[in-house]
Amino acid sequence: MPALRAVALLAAAAWALAAQVPTPRAHFGHEMGADRAVLGWDRVVSYFRALEKASDRIRVSELGKSTEARPFIAAVIAAPATLRNLDHYIDIQRRLADPRITTESDAARLVREGKAVVMITCSIHSTELASTQTAVEFAYRLLAEDTPRRRAILDNTVFILVPSLNPDGLDKVTAWYRKTLGTPFEGTSPPELYHKYVGHDNNRDWYIHSQVETQLTIARLHNVWHPHIVYDVHQQGTTASRIFIPPWLDPIEPNVDAILMQETNVIGTSMAMDLTAAGKTGVAIHGSYDFWSPSRHYQAFHGGMRILTESASARLASPMTVAREQLDRHALGYDAQERSWNHLEPWPGGTWRLRDIVDYQLIAYESCLYHAALHREELLQNFYRIGQRQVARRSPAAFVIPAAQRDPGATRKLLQTLASGMVEIYRAPDGAYVIPMAQPYSGYAKALLERQRYPDLRMYPGGPPQRPYDVTAHTLPLLFGVNVEGVEQPVAGRLERVSVEGQGPGPSLAGADTDAWFNVNRIWAAGGAVWRDMQTGDFSAAPREGWKKLARPRVGLYRGYQPCMDEGWTRWLLDRFGFAYRSVANPEVQAGRLRDRYDVLVFPDQSASAMENGYRKGAMPDGYTGGLGPAGAAALKEFAGAGGTLVFLNRASEYAVRQLGVAARNVVDGVGDREFYSPGSLLNARLENRHPLALGLPGEIAVWSEHSPAWETGGTVVARYPESGVLASGWLLGEKYIAGRAALADERIGSGHVVLFGLSPQYRAQSYQAFKLFFNALLYR
Ligand SMILES: [Zn+2]
């Protein structure tokens, strides 16, 4: 057979195969991005399964189950020959990631042979729903519509597509949208968190790895594939630019490699160029988003770029009209109405619909992947170089965690946290744990172990602070209360590698959770009794002379109608440590007689007005509006008067001052940002650790402060800021306002207590040491 004819037949055969790939329309009954069309997760999963059946260019795997037991899936898309050898390409990545085991000449060969690994992750924020629909259409096009660009992508990359990082939330938003469709509430966000525990904060979990979805993504994708690019797809407000793409704003976390940031600048700008060339307007770069907290970008400390796009939202799947004059004039770094170097063609205004978002994202996905395909060798070479630069880090030489620690459970938890991020941990002859910096992810370890010095950025010279996109501190030793020392000389003696949770060889550090509070709850759950030494805070399952017998607390956790992430984190913490509790909504509080059912009521971090008023009437369907109101406040006073304990976390404590008449004055109330600013920082505090609220803790700790109150009070002060040297890590303006003031106070109403936390003792599952303050409060009578 003449060769040309054979080629034509093969091409026809390939096309016939492609023709069987089901279209999104055939599967879902509508085009992606159609007005008012939202997706159910089961249909998304079955579509990807159908693609896998029809094409030899895609493999779909279930990585595990989501928090609420939905299949958590990822698709790998590549040329058939690549897909048949995935283990080979994983091995290339593993070897390039570690220059200690791979010579320069081996690396050169692996670079020629390897594939660019690009991961696109969708809809972690479930109201930002376009990206899952884009994922469906993009996968279809890649498999079924042959173009030179798409062929280059298939041949040169391994493309990992996660259609949703939060399948539970996708279904929650879809159900709410369908329920409210055609009502005045069409397009509103659901009145519940769109992740069971953490809502929007699911994208703040990338170093503590507390949630199942994060754990699966890290363990099954990041740590296996070491993607060169992770493109996380988001949406922003309705009046911002139509799409944002990096370069990022300052500050850049100092341990992120400069090569990686330069690559990010290149690829982000190149995506912006492709969008502009395709006729899309309102494309902004270098605005709004900084690159500080590792809670948002794991890959940046593991040799991979974080590409983010933020598309302007519609009203979920409902179109909306935005006039040009309504566009945001004061976005950080650009004016959405004006032309500037980083926003060259403003969007003229008009109707904006889900399909517009999908159209922009389709271009952005393909641009990102095509760039990776074109620059495959550079990406792999630089990935290896970044590893070399990490391994060459010499200052400090290592971090040392001495064997003698106040809290061995917290020490182990800290080591587990590092290990889940592929940090290698060794043991010295004296029993100390050692983290040498000559390892591939030393920058990650260093970022999490050192104190942050956030730069003093202002809107203009002498002006108010430039708001960080998220928070400014992430120092694990302070969060966990573990003594960790940076040393400038390599640690003497033979170091033995230890295995932590399956990471690395050597004796295993894993074991049952031995945290005392966990065990206390286990004893209670089994019907046992618990005694406590009220001097040291120690627990015992057997009666001890002079110790106090503890009753299992009946805990109520306040849950208003406005979703509150801190409420979710608090639930997570209670579940994690085995506390029994019930969620308490407004009607139950207002009905009173709370003391019959509860010993303690907890109010998570939210504004006093959100608690008092909730959604105003008409803003949400009946049954979701209103707050505690006067009846709620009266019932809470009655509860405390009858010996109950009210616990207010961070900003919620303002409610106690305003509505319950607690006599504490917030000394930073009304003080402007220019004068006092604490945007998510760790602050030093002194504890009265003989007080029952601080039992079992040291006399000095670091507490999480985020726009937190501080008090002048006649009540009992349990934690107090020092007279100077308040900042421990992060950024703080105006320490003089809070120096010497109360950060944790115990106030009385009748025979009950009102515990005011001017800090977050359960902050995002991270403030491990301060958890104890919170648990103590649950037992406080
Ligand atoms: Zn988002």
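One numbering rule holds for all chains: residues counted from 1, following each sequence as written. In view of the model being predicted, local features appear only for residues whose pLDDT reaches at least 70, and side-chain atom pairs are presented and counted only at 80 or more, with totals across whole chains, interfaces and linings using the full set of residues. With hydrogens and water stripped out, all remaining heavy atoms of the structure feed into the side-chain values.

**As for the overall build of the protein chain**
Consideration 1: Helix and strand definitions here come from DSSP, where helices need a minimum of 4 consecutive H or I residues and strands a minimum of 2 consecutive E residues; each element is numbered from the N-terminal end. When you go through the protein chain residue by residue, the secondary structure sums to 24 helices and 32 strands.
Consideration 2: With the radius of gyration taken over C-alpha atoms, the globule rule is written as 2.2 Å times the number of residues to the power 0.38. A compact globule built from 781 residues would reach a C-alpha radius of gyration of about 28 Å, and the protein chain, at 27 Å, matches this within 12%.
Consideration 3: Considered along the principal axes of its C-alpha atoms, the protein chain spans approximately 95 × 70 × 60 Å.
Consideration 4: Think of it in three bands: with a 1.4 Å probe and only protein chains considered, a residue is buried below 20% of the maximum accessible area for its type, exposed above 50%, and partly exposed in between. Considering the protein chain as a whole, with its 781 residues, one finds that 61% of them fall into the buried category.
Consideration 5: Whether two residues are in contact is decided by their heavy atoms, any of which lying within 4.5 Å being enough. A separation of at least 24 residues holds for 77% of the contacts in the protein chain among residues at least 6 apart in sequence.
Consideration 6: Reported accessibility uses the Shrake-Rupley method at a 1.4 Å probe radius. Residues are deemed covered only where the shown protein chains occlude them. Of the roughly 28800 Å² of accessible surface on the protein chain, a fraction of 51% belongs to carbon and sulfur atoms.

**Some remarks on the coordination of the zinc ion**
Consideration 1: Bound to the zinc ion are the protein donor atoms H125 (ND1), E128 (OE), E128 (OE) and H234 (ND1), situated 2.1 to 2.5 Å from the metal.
Consideration 2: Each metal site lists N, O and S donors within 2.8 Å (3.2 Å for Na, K and Ca). With water left out of the atoms, a site can look as if it is missing ligands. Any coordination sphere not matching a tetrahedral pattern (four donors, all angles between 85 and 135 degrees) or a square planar or octahedral pattern (four or six donors, opposite donors over 155 degrees apart, other angles between 65 and 115) is reported as irregular. Metal-centred angles of 56 to 152° between the four donor atoms at the zinc ion mark the site as irregular.
Consideration 3: As a motif over one chain, the donors of the zinc ion read H-x2-E-x105-H. The burial state of H125 is the same as that of E128; both residues are buried.

**Things to note about the environment of Q466**
Consideration 1: Mapped onto the elements of the fold, Q466 is located in the loop between α15 (442-449) and α16 (476-480).
Consideration 2: On the basis of relative accessibility, which here comes to 17%, the residue Q466 falls in the buried class.
Consideration 3: Counting along the chain gives 136 residues from Q466 to H330, while the straight-line C-alpha distance between them is 12 Å.
Consideration 4: If sequence neighbours within four positions are ignored, Q466 has contacts with D250, L332, L457, R458, M459 and W731.

**Topic: helix α6 (residues 104-113)**
Consideration 1: Regarding α6, the residues found buried are A107, L110 and V111. Angularly, the buried residues of α6 cover 105° about the axis, an arc narrow enough to put them on a single face. Across from the buried face of α6, at angles greater than 90 degrees, the exposed residues are S105 and R112.
Consideration 2: Against α5 (86-97) and α13 (376-391) lie the buried residues of α6. Directions from the helix axis toward the C-beta atoms define the arc.

**Some remarks on the pairing of strand β4 (residues 157-162)**
A regular strand places its side chains so that they alternate between the two faces of the sheet.
Consideration 1: Most of β4 sits out of view: six of its six residues are buried.
Consideration 2: Here β4 shows no split at all, with T157, F159 and L161 on one side and V158, I160 and V162 on the other all buried.
Consideration 3: Pairing analysis gives three bridges linking strand β2 (residues 71-77) to β4, with the strands arranged antiparallel. Paired with V76 across the two strands is I160, which belongs to β4.
Consideration 4: Pairing of strand β3 (residues 116-121) with β4, which is carried by six bridges, proceeds in the parallel orientation. In the sheet register, M119 faces β4, and the bridge partner there is I160. Any two strands with at least two DSSP-identified bridges between them are counted as paired.

**A word on the sheet that holds strand β19 (residues 539-540)**
Consideration 1: The strand order across the open sheet formed by three strands is β19-β18-β20, and the pairing between neighbours is antiparallel. Either end of the sheet is taken by a strand with one partner, and the two such strands are β19 and β20 (548-550).
Consideration 2: Note on definitions: angles span 0 to 180 degrees between N-to-C directions of axes, and those axes are lines fitted to C-alpha atoms, for helices only across the stretch in contact. The sheet contacts of helix α17 (residues 516-525) involve β18 (530-532), β19 and β20, and relative to β18 the element is tilted by about 140°.

**Brief notes about the sheet that holds strand β15 (residues 433-436)**
Consideration 1: A sheet is described by the order of its strands in space; here five strands give the open sequence β16-β13-β15-β14-β17, paired in antiparallel fashion. Every other strand in the sheet has two partners, leaving β16 (485-487) and β17 (496-498) as the edge strands with one partner each. Neighbouring strand axes in the sheet, compared pairwise and without regard to direction, differ in orientation by 35° on average.
Consideration 2: Inspection of the sheet shows strand β14 (residues 425-427) paired to β15 by two bridges, in the antiparallel sense. Along β15, the bridge assignment pairs R427 with Y433.

**Here's the deal with the side chain of T625**
Consideration 1: Mapping T625 onto the fold places it in the loop between α20 (608-613) and α21 (629-641).
Consideration 2: Residue T625 is classed as buried on the basis of its relative accessible area, which comes to 18%.
Consideration 3: Among residues more than four places away in sequence, those in contact with T625 are Y561, Y615, R616, K617, G618 and M620.

**Overview of the pattern of salt bridges**
Consideration 1: Salt-bridge detection follows one rule: a side-chain nitrogen of Lys or Arg within 4 Å of a carboxyl oxygen of Asp or Glu. Applying the stated criterion across every chain, the model contains 46 salt bridges.
Consideration 2: In this structure, the salt-bridge partner of D146 is R151, at a minimum N-O distance of 2.5 Å.
Consideration 3: Taking the relative accessible area as the measure of exposure, D146 reaches 43% and is therefore partly exposed.
Consideration 4: Judged by its relative accessible area of 44%, R151 falls in the partly exposed class.

**Overview of the packing of helix α11 (residues 258-277) against α13**
Consideration 1: At a minimum axis separation of 9 Å, α11 and α13 run at an interaxial angle of 150°. In terms of orientation, α11 and α13 fall into the roughly antiparallel class. Contact residues: α11 offers A258, I259, L260 and E263, while α13 offers E378, L379, N382, R385, I386 and R389.
Consideration 2: For the contact of α11 with α13, the per-class residue count stands at five nonpolar, one polar and four charged. Our angle categories are set so that under 35 degrees counts as roughly parallel, over 145 as roughly antiparallel, 65 to 115 as roughly perpendicular, and the remainder as oblique. All residues other than Ala, Val, Leu, Ile, Met, Phe, Trp, Tyr, Cys, Pro, Asp, Glu, Lys and Arg, Gly among them, are scored as polar; the first ten of these are nonpolar and the last four charged.

**Describing unusual backbone geometry**
Consideration 1: The peptide bond linking P246 to P247 adopts the cis configuration, its omega dihedral lying at 20°.
Consideration 2: By the element assignment, P247 lies in the loop between β6 (243-245) and β7 (249-252).
Consideration 3: In this chain, D250 is followed by P251 through a cis amide linkage whose omega measures 0°.
Consideration 4: In the Ramachandran plot, M422 falls in the positive-phi region, its phi being about 65° despite a non-glycine side chain.
Consideration 5: Mapped onto the secondary structure, M422 falls in the loop between α14 (408-420) and β14.
Consideration 6: Positioned with a positive phi, R764 is a non-glycine residue whose angle comes to about 45°.

**Concerning the state of the cysteines**
Consideration 1: Note on disulfides: each one is a pair of cysteine sulfur atoms within 2.5 Å. Here the structure, examined in full by the defined rule, presents zero disulfides.
Consideration 2: Between C122, a free cysteine, and C368, which holds the nearest cysteine sulfur, the sulfur-to-sulfur gap is 12 Å.
Consideration 3: Using a relative accessible area of 0% as the deciding quantity, one classes C122 as buried.

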